[in-house]
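Given next are the chains, with one letter for each unit.
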Amino acid sequence: MSHAATSHPVFRFAPSPTGLIHVGNARTALLNALLARRGGGTFILRLDDTDAARSRAEFADAIAMDLDWLGIPPDRTERQSDRLGLYAAAAEKLKAMGRLYPAYESEEELELKRGLQRARGLPPVYDRAALALTDEDRARLEAEGRRPHWRFRLDHGVVSWEDGVRGPQQVDTSSLSDPVLVRADGTFLYTLPSVLDDIDFGVTDVVRGEDHVTNTAVQIEIFEAFGAPAPRFAHHNLFTLPSGEGLSKRLGHLSLRALREAGNEPLAVAAAAVLVGTSEALGPVASLADLTGRVDLSAISRAPARFDPQEIVTLTARTLHLLPYEAVAHRLENTGVGGGEPFWLAVRGNLACLADAFDWWRVVDGDQVWPAEAQDRPLMEAAADHLPPEPWDAGTYGAWIAAVKTASGRSGKALFRPLRLALTGRDTGPELAALLPLLGRRTVLARLKAEA
Ligand code: GLU
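Residues numbered from 1 in each chain as written. Predicted model: local features only at pLDDT ≥ 70, side-chain atom pairs only at ≥ 80, totals over all residues. Heavy atoms only, no water.

Focus on the environment of Ala305
Tracing the chain through its elements places Ala305 in strand E12 (residues 305-306). For Ala305, a relative accessible area of 8% corresponds to the buried category. Through-space distance from the C-alpha of Ala305 to that of Ser411 is 51 Å; in sequence the pair is 106 residues apart. If we skip the residues at most four places from it in the chain, Ala305 touches Asn237, Leu238, Phe239, Thr240, Val276 and Gly277. (Helix = DSSP H or I, 4+ residues; strand = E, 2+ residues; numbered from the N terminus. Buried < 20%, exposed > 50% of the residue type's maximum accessible area, 1.4 Å probe, protein only. Contact = heavy atoms within 4.5 Å.)

Next up, the structure:
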């Protein structure tokens, strides 16, 4: 059973707030958010926080902040911890249907069973011993102080679905252990709540990591148990570190917060998160709309993809080089960078990160001077003497340089390097032609005439 093509798709990103989300989580979030956007649908942030001991409000806040920073704030936020009563009621229904049964084995007992199965060359699948318990057995176990955990009785059939990334999938659930849905302390694992939420919120599409393929088979059986259509599923490949190690939220690998604090551009992170490990070329994008047009689930590789954080650094620079002024105006103003669009267009090609724009603004705007070396003083005097009166136009710089060339007899590096040093204090940077009008005649003269 699955949703027919729907006019209002509903996607969700469902992290557990147990750590800072990383670039692999960003891949999941972006695929869902951008596909929702492309389909004119809804993007839900669902916080899978049924594990009260490990879930923290500060991580939930950090997730919301990270999604904002990426440019994909959710249309709606839901918390599983607000819905525990609903899950408990649904668990009772499953019990009544005979699909949820109590089991009493301790973790040690289960480990022992698995060890014996492996020794006999059998797969370590739960043997359903608990299904054979009589009422008396259970009463005795409970009298011993044991509390049951609750397992979902799988159908032991073949579950199939058309995966948006992996194509046709089939899982024989007789090869799986009946999954625990409720722990002995009464708390829920995410499996059942996720299905109930997907039903209640009308989720039509679940895009998540391929570590969930087996869960999908289980969850499709749970959808069926509730007589609800399953959403479409797509499982994307996972990122690893360059070493091949998987990304871990717990270990703080490649967290969005750290990437942000290192000065990377959100669009660069987004482009890398969506495009690495696909057959699409990795390159900068000028907007999320641009990236949305490039999302293609069928282009995602089946193999895990190594994620080199250096790619984000390179992409950050390449992204800045093509960002239009409107995309950064607000952030420039917030950090006290002036000069408007002309300043931005002059410097963007020289930035490694946006903070560099602030340094260039100080160069343009400040009263600083950088006195020329003695052998360059005559050049500075010639340059000052020939500086045209304002107003300046597009032809001013060329005319000025031509006059200075003739007057000083210098050309090439011997001409441009001392001028650049005197005007900016640096020997590389934006085109002088673009900087000149930003500096203005008064500042240019002051810098040319500065004496040591
Ligand atoms: N909380 C689960 C996770 O972060 C959600 C998986 C899902 O998208 O259903 O892996």
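So, next bit.
Observations regarding the nonpolar core
Counting residues in each nonpolar core, the largest one holds 91 residues, and the members touching the most others are Val23, Leu30, Ile72, Trp344 and Trp400. Those residues in contact with Leu30 that lie beyond four places of it in its chain are Leu35, Leu70, Ile72, Ala270, Ala273, Val274 and Leu288. (Core = buried A, V, L, I, M, F, W, Y, C linked by side-chain atoms within 4.5 Å.)

Section: the site of the ligand
Taken together, Arg12, Ala14, Pro15, Arg46, Asp48, Tyr190, Ser194, Arg208 and His212 are the residues near the ligand. A distance of 2.7 Å separates a nitrogen atom of the ligand from a polar backbone atom of Ala14. Interatomic distance of 2.7 Å between a side-chain N/O atom of His212 and an oxygen atom of the ligand. The protein chains hide 80% of the 290 Å² of surface that the ligand would expose on its own. (Near = heavy atom within 4 Å. Polar contact = N/O pair within 3.5 Å; in protein donor to acceptor, adjacent residues only side chain to side chain. Areas by Shrake-Rupley, 256 points an atom, 1.4 Å probe, with all protein chains shown as cover.)

Things to note about the pairing of strand E5 (residues 149-152)
Neither face of E5 is left uncovered, since the one carrying His149 and Arg151 and the one carrying Trp150 and Phe152 both have all their residues buried. Relative to E5, strand E4 (residues 100-103) is paired through 4 bridges, and the arrangement is antiparallel. By the bridge assignment for E5, Leu100 is matched with Phe152. Taken together, the 2 bridges between E5 and strand E8 (residues 180-182) define a ladder with antiparallel strand orientation. From the neighbouring strand, Trp150 faces E8, where its bridge partner is Val182. (Pairing = 2+ DSSP bridges.)

Digging into the side chain of Glu210
Residue position: Glu210 is located in the loop between strand E9 (205-209) and helix H7 (213-225). Among all residues touching Glu210, those that are not within four sequence positions of it are Arg166, His235, His236, Asn237, Leu238 and Arg302.

Digging into the sheet that holds E4
Taken in spatial order, the 3 strands of this open sheet run E4-E5-E8, and their pairing is antiparallel. The sheet terminates laterally at E4 and E8, the two strands that pair on one side only. The mean angle between the axes of side-by-side strands here comes to 45°, regardless of whether they run parallel or antiparallel. (Axes fitted to C-alpha atoms, helices over the stretch in contact; angles between N-to-C directions.)

Overview of the pattern of salt bridges
Following the criterion strictly, the structure yields 31 salt bridges and no others. Glu78 is paired through a salt bridge with Arg76; the nearest N and O atoms lie 2.9 Å apart. Arg76 sits in the partly exposed class, given a relative accessible area of 33%. Put simply, Arg232 and Asp205 hold a salt bridge, and the shortest N to O gap is 2.7 Å. Highlighted residues: Arg232 in strand E10 (residues 232-236) and Asp205 in strand E9, separated in sequence by 27 residues. Residue Arg232 is classed as partly exposed on the basis of its relative accessible area of 28%. Among the ionic contacts, a cluster of salt bridges with common partners joins Arg12, Arg46, Asp48, Arg83, Asp197, Asp198 and Asp200. (Salt bridge = Lys/Arg side-chain N within 4 Å of Asp/Glu carboxyl O.)

A word on the side chain of Arg83
Positionally, Arg83 belongs in the loop between strand E3 (76-79) and helix H3 (84-96). Taking the relative accessible area as the measure of exposure, Arg83 reaches 10% and is therefore buried. In this view, Arg83 contacts Leu196, Asp197, Asp200 and Phe201; residues no more than four positions away in its chain are not counted.

A closer look at the environment of Asp367
Position of Asp367 relative to the elements: it lies in the loop between helix H14 (355-365) and helix H15 (377-385). Along the backbone, Asp367 and Ala329 are 38 residues apart, and their C-alpha atoms lie at a distance of 24 Å.

Quick look at the packing of helix H13 (residues 340-347) against H14
Where H13 contacts H14, the axes come no closer than 11 Å and their chain directions differ by 115°. For the element pair H13 / H14, the angle class is roughly perpendicular. H13 and H14 meet at a crossing whose hand is right-handed. Two secondary-structure elements touch here, H13 through Phe343, Trp344 and Val347 and H14 through Ala357, Trp360, Trp361 and Val364. (Parallel < 35°, antiparallel > 145°, perpendicular 65-115°, else oblique. Left-handed = near helix turned anticlockwise from the far one by under 90°.)

Honestly, it's all geometry; don't read function into it.
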